[in-house]
Amino acid sequence: MGRAEDRRARQRGGRRAAPRRSSGSPSVAGGDPSTTVIGTPSDAVGGRAAARRAARSEGRGGDGKGRIRRLFTWKKILGTFLGACLLAIGAFIALYVYVDVPTDNAAAQAAQRQSNIYKYSDGSTLARDGEVNREIVDLSKVPKAVRNTFVAAENKSFYNDNGIDLKGTARGVFNTLMGKGAQGGSTITQQYVKNYYLSQEQTVSRKLREIVISLKVDRQMSKDEILAGYINTSYYGRNAYGIQAAAQAYYRVDAEKLSVEQGAYLAALLQAPSQYDWEVASATGKKLVTARWNYVLDNMVEEGWLAKSERQDMTFPKPKEPKPTAGREGQKGYLIDLANRQLEDQLMQQQGLTRSQAEAAVVDQGWTITLNVDKKKQAQLEKAVKAQLTSKLDKKKRPVDADVQAGAVSVDPETGKVVALYGGVDYFKHYTSNATRTDYQPASTFKPVILAAALEESARTRSGKPITANTIYDGTSKRPVVDSNGNKVGFAPENEDDQDYGPITVQTAMNKSVNSVFAQMGVDVGMKYVMDVAGKLGMDTSKEQAVPAQTLGTMGASPLQMAGVYATLDNHGKKVTPSILKAAEHNTRAVDIPDPVGEQVISREAADSVTSVLTGVVDDGTAQRSVANNPKRAGQKVAGKTGTSDDNKSAWFTGYTPDLVTSVGLFGEDAKTHAQTKMYGAGGEERVNGGGFPAQIWAAYMFGVTDGDARFDLNTDQGAAVQPTWTPTPTQEPTTQEPTEEPTTQKPTETPTTQEPTEEPTTEPPTEEPTTEPAPTAPTDEPTDPITLDPGRPGNEQ
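Everything numeric in this text was worked out from a predicted model, so none of it was measured.

Focus on the overall build of the chain
Item 1. Scanning the chain for helices and strands turns up 26 helices and 16 strands.
Item 2. Evaluated residue by residue, the chain yields a buried proportion of 49% over its 798 residues.
Item 3. Of the roughly 37,700 Å² of accessible surface on the chain, 49% is carried by carbon and sulfur atoms.

Written out as structure tokens, the structure is:
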């Protein structure tokens, strides 16, 4: 058998005959007599059939590797890939032919813009906002160096590319398909096409149209024409469209008078116009826009468009205050800004837009936006601020009075609705909203958060005792804070007026706002846990350090944030994220407004216990004069906390009834420079305390809009709200037994529980041996103020 026959035999499943010599075997006709064939013809046929069956069995059985190998050969894979590529190319060619460059122009775009309508919660109109501020300028009137700032900021290869960034566009399409939203990658040409011809929505079809139109526009228009269109159609914030309007809005000059520094700021601004507007930007926003401004100028040096020596001499050009805009006078501008910002947040989350895209999708786009703001409560809040503060300020008599700014937010704790907001004396006179600014310290209004963390974490003192309202701490001013090993941590805060309180309960420490007690409590709990709970309650602690100094409320916070924190406490530990949006309607998009009330973030018992303790601040603490004893109080049950920063740059009162939470903050801001300043002497007061103007504003507002019959529903057995009380009678004879309750002439703030506290309080941490207070005398007809050791509470005898 030859080689060819041998190969064919193997393919048929047979095998080559083995040579064999046998003298007794018959010879094969016509063959070598010495060669024999093993097997009969029938055997050969059966062998081939068996081989075929075995091959088929191998293909079907086992792990199926044979079939997989036949299906996924390299030829088939390559063919499939090439086919897909040809199909994609064909589809793109068809799309390229099908999609034309729209004929719309900038003037038509402006004409299509519609005013937004804002309404109160009852449907009545609050404001109509959206007069388009745009003026087209020829590129020749914009200095070349200023033009280059936009190229350096957005697309350094602009003058050399074909209108699209393939890698960035592919990434954008993929992110859109995966629901990840926009993540950059667009050239100036693509951004111009999106602004000029398309919408801001993030869909695959819109992205593909953007690619095709960008390619065609790049072929039909010069780079200068595209750049001119881009800088003339972009939104810069402050209701300014185009570089001319932006130059006037931010620097009061025409575009042709812009400096390179100013141009770099406007170019940086396009990434997030409102967030980067220097007049309203947070500390983080200012850092971000400054970094981007530097990035733009450094890119210009790298591209050879700016001399390095010239770059080194440049300083950041702070923009001027914004001009008044029709429809935003009084408080309206503050309400509109917050509504727009929260709507933008939803568009970013639900449609994957960037901040810049979201702003462009909201401003002047014909939205009908209904706010949660109650018209009557809003009017009452404005009236309260005027009556209790602004009418008493006289900057001619006291220059410091010009530096006092007020902000307030009122929230329904059951729904999370922002029902009233005060952002400043007037949107035209003070552009920054004092209701949402986060650059001032909340001071002692942070102390309830520390107690909430202690209760939530079941924290214990250094001696192992549970921390409750009845736990005794050392209230000595400037007492060094120590850790669990007794080592000093390098923090010894001073109490207000450097007052020493000695051993006092947590309840009294909250009433008197004793810094030394809560500094030690924070360390006992663990500052990490304190900051974690603060974040859960609604404060922005993502960039804050968990250090003992935070117990004094040294981080930044806004009245909006603090209203949310206290609303969560009022709502029994269910997270409340204050929302001003009730509904947002548009003919091309629907926006779902999320429920402001979320999940349980701390236990009900912990939240209710803090509420119980905070009633003591009102009835027997720093807010007693302005709130508890206020003649307008009609039986309302109130919990709250005052706060005054150490240098008197801020003063707060955040408090709540069972049905409403309001946070009021006063901030010292230099009337000319806008820098933080002290408020000593303002309004004729030696020091602006939280129990003064803020608490007075709070009471004047709250006691005019809340129900006096509402009662706290508390699930706790500790704190001032549930402590059993009794009233002595004139005929009561003194006994040698020490009293078990603290006498009071007031009715209990809540229905007393029959259970008495069983905890044995301890003094924490005794850096020195506390003196033993004398046993209290028998109560008389005229009860005196409780002594610092609170002997009237069960188990507090020393």
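Focus on the packing of aromatic side chains
Item 1. All chains considered together, the criterion is met by 17 aromatic pairs.
Item 2. Taken together, a centroid distance of 5.9 Å and an interplanar angle of 70° make the contact between tyrosine 250 and tyrosine 265 edge-to-face. Of this pair, tyrosine 250 sits in helix α11 (residues 243-251) while tyrosine 265 sits in helix α12 (residues 260-269), and the two are 15 residues apart along the sequence.
Item 3. On the basis of an interplanar angle of 85° and a centroid distance of 5.8 Å, the ring pair of tryptophan 698 and phenylalanine 703 is categorised as edge-to-face.
Item 4. The structure contains a cluster of three or more aromatic residues connected by ring pairs, namely Tyr250, Tyr251, Tyr265, Trp278, Trp293 and Phe316.
Item 5. Taking NZ or CZ as reference, lysine 223 lies 4.7 Å from the ring centre of phenylalanine 158, over its face.
Item 6. The ring of tryptophan 293 has arginine 311 sitting right over it, with the charged end atom 5.6 Å from the ring centre.

Examining the pairing of strand β5 (residues 368-371)
Item 1. As paired elements, strand β1 (residues 116-119) and β5 share 3 bridges and run parallel to each other. From the neighbouring strand, lysine 119 faces β5, where its bridge partner is threonine 370.
Item 2. Note that β5 and strand β11 (residues 581-585) share 4 bridges and pair antiparallel. Its bridge partner lying in β11, threonine 370 is registered against alanine 583.

A short note on the pattern of salt bridges
Item 1. Going through the model one piece at a time under the given rule, you end up with 21 salt bridges.
Item 2. For aspartate 298, the salt bridge identified is with arginine 311, shortest N-O distance 3.1 Å. Of this pair, aspartate 298 sits in helix α14 (residues 283-303) while arginine 311 sits in helix α15 (residues 308-312); the two residues are 13 residues apart in sequence, bridging distant segments of the chain.
Item 3. Under the relative-accessibility criterion, aspartate 298 is labelled partly exposed at 41%.
Item 4. Here the salt bridges do not stand alone but share partners, grouping Arg341, Glu344, Asp345 and Arg355 into one network.

What about the sheet that holds β5?
Item 1. Ordered in space as β2-β1-β5-β11, the 4 strands form an open sheet in which the pairing is mixed. Looking at the sheet topology across the chains shown, the edges are occupied by β2 (125-129) and β11. Between one strand and the next, the sheet's axes are offset by a mean angle of 15°, whatever the strand orientation.

Side note on a negative patch on the surface
Item 1. On the surface, Glu414, Asp659, Asp707 and Asp709 cluster together to form a negatively charged patch.
Item 2. Looking at where aspartate 707 falls in the secondary structure, it is placed in the loop between α26 (693-705) and β16 (763-764).

Comments concerning the packing of helix α21 (residues 515-525) against helix α22 (residues 527-537)
Item 1. At a minimum axis distance of 5 Å, the contact between α21 and α22 shows a crossing angle of 95°. One way to sum up the angle between α21 and α22 is to call them roughly perpendicular. Two secondary-structure elements touch here, α21 through Gly522, Val523 and Val525 and α22 through Met527, Tyr529 and Val530.
Item 2. For the contact of α21 with α22, the per-class residue count stands at 5 nonpolar, 1 polar and no charged.

Some thoughts on unusual backbone geometry
Item 1. Not every positive phi belongs to a glycine, and aspartate 364 is a case in point at roughly 60°.
Item 2. When you line up the elements, aspartate 364 lands in the loop between α17 (355-362) and β5.
Item 3. Residues other than glycine seldom take positive phi values, yet asparagine 648 does so here, at roughly 60°.
Item 4. Secondary-structure assignment places asparagine 648 in the loop between β13 (639-644) and β14 (650-657).

Re the pairing of β13
Item 1. In terms of residue burial, β13 counts as a mostly covered element, since 6 of its 6 residues are buried.
Item 2. With 6 bridges connecting them, β13 and β14 associate as antiparallel partners. Across the sheet, residue threonine 644 finds its bridge partner in β14, namely alanine 651.
Item 3. Linkage of β13 to β14, two consecutive antiparallel strands, is achieved through a turn of 5 residues, within which asparagine 648 is found at a positive phi near 60°.

So, how was this worked out
- Residues numbered from 1 in each chain as written.
- Predicted model: local features only at pLDDT ≥ 70, side-chain atom pairs only at ≥ 80, totals over all residues.
- Heavy atoms only, no water.
- Helix = DSSP H or I, 4+ residues; strand = E, 2+ residues; numbered from the N terminus.
- Buried < 20%, exposed > 50% of the residue type's maximum accessible area, 1.4 Å probe, protein only.
- Areas by Shrake-Rupley, 256 points an atom, 1.4 Å probe, with all protein chains shown as cover.
- Phe/Tyr/Trp six-rings, centres within 6.5 Å; stacked < 30°, edge-to-face > 60°.
- Lys NZ or Arg CZ within 6 Å of the ring centre and 35° of its normal.
- Pairing = 2+ DSSP bridges.
- Salt bridge = Lys/Arg side-chain N within 4 Å of Asp/Glu carboxyl O.
- Axes fitted to C-alpha atoms, helices over the stretch in contact; angles between N-to-C directions.
- Patch = residues over 30% accessible without salt bridge, like charges linked within 9 Å, V, L, I, M, F, W, Y side chains within 5 Å.
- Lys, Arg positive; Asp, Glu negative; His and termini not counted.
- Charge placed at Lys NZ, Arg CZ, Asp CG, Glu CD.
- Parallel < 35°, antiparallel > 145°, perpendicular 65-115°, else oblique.
- Contact = heavy atoms within 4.5 Å.
- Nonpolar A, V, L, I, M, F, W, Y, C, P; charged D, E, K, R; others polar.

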